[in-house]
Every structure is written in C-alpha cells, then in structure tokens.
Amino acid sequence: MAPFEKSMEMTPFKQRKCLATRKDEVCNILSKFPNKLPVIVERYIREKTLPLLDKTKFLVPFELTLGQFLCLLRNKIALDGTQTLFLLVAERSMSCMSSSMGDIYSRFRDADGFLYITYASQEAFGAPRSADEPPH
C-alpha cells in the first residue's frame, strides 16, 4: 500500500466524507440491498498490534449476531492465540455478543445511517512480556 493510501486508511471514515455524502451512500446501499445493514469497522486509533482491515465497509445481514460478526473479523485479521479482539459499538459500548446486528443497528446507528464499530486488541493468556517488563 502506498504511504498516501495508508494515511487515508488511518483517517476515520467520518473525516474522509462529509455527512451528506455518507447519508447518500447509505440511501444507495439500502435501496440496492434492503436486507443488509451498512456497517463501518475501523481500528481503534491507539491500536498498535492489529493490522488495518483491507476494507472498512461491510454489508451485514440483520439476523447475524455480534458474536458471529466478531468471528468473521477475527478470521479476516488472522489473530494469533494470545490476542483478544474487542468490539466497541458507536465508540462507547460493548454490546452483548448474542444481540443481532439488526437490534444493534436500530439502537446505535449514527445520524448518517451507518453503524460504526471499532476494534481493538489486548494481549492475554500468557503472552510473552517484553525484556524490560518486570515479572508480576
């Protein structure tokens, strides 16, 4: 990926497009795909270990659960066994994994019509410590 493209990818979706453009995009998506939800998935701004996804826009079925969507994202990112993936809905809420995406969309969608999900990781399960970190 060229440096310019990478810097654009790191700029949040809301800052790359104005509100009117995003609303138009949602209208077009919903008219073409009435049984799908428009979801934007972005990496947490301070995240250092997880890679950027190759795309940020997803069309998700209403009945898919957040847990199933999490599995889909884990596979796309190809996490190793020591990393946990956390999803924040609308930049503030960790929702129940058994909730349907339709339910989450109806409660947390943005004014532009997209549902915004942020992903982040945390080292877990005996992950190796850095050399300068003291043992606990």
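That block above? That's the structure.
Residue numbering note: each chain is counted from 1, following its sequence as written. This being a predicted model, a pLDDT of at least 70 is required before a residue's local features are given, and a value of 80 or more before pairs of side-chain atoms are given or counted; all residues contribute to the totals for chains, interfaces and linings. Side-chain figures throughout are based on the complete set of non-hydrogen atoms in the structure, without hydrogens or water.

## Observations concerning the side chain of R22
A helix here means a DSSP run of H or I that spans at least four residues, while a strand means a run of E at least two residues long, and both kinds are numbered starting from the N terminus. Here R22 shows up in helix 3 (residues 19-32). Residue classification places R22 among the buried residues on the basis of a relative accessible area of 6%. Among the polar contacts made by the side chain of R22, one reaches the side chain of D112 at a distance of 2.5 Å. Residues contacting R22, with those up to four places away along its chain left out, are F13, K14, K17, D110, D112, F114 and Y116. Relative accessibility thresholds used throughout: buried, under 20% of the residue-type maximum; exposed, over 50%; partly exposed, between the two (1.4 Å probe, protein chains only). Polar contact criterion, stated in full: a pair of N or O atoms within 3.5 Å, where within protein one must be able to donate a hydrogen and the other to accept it, and residues adjacent in sequence count only if both atoms are side-chain atoms. Throughout, a residue-residue contact means that at least one pair of heavy atoms, one from each residue, lies within 4.5 Å.

## Description of the nonpolar core
Side-chain atoms within 4.5 Å are what join buried Ala, Val, Leu, Ile, Met, Phe, Trp, Tyr and Cys residues into a set we call a nonpolar core. The biggest cluster of nonpolar side chains holds 25 residues, and the ones touching the most others in it are V39, V41, F69, M101, L115 and I117. Elements with a contribution of two residues or more to this core: strand 1 (36-43), strand 2 (57-61), helix 4 (66-77), strand 3 (83-89), helix 5 (101-108) and strand 4 (115-123). At five residues, the largest contribution of residues to this core is made by helix 4. Beyond its immediate sequence surroundings of up to four residues, I117 is in contact with V39, I40, V41, E42, L66, F69, L87, L88, V89 and M101.

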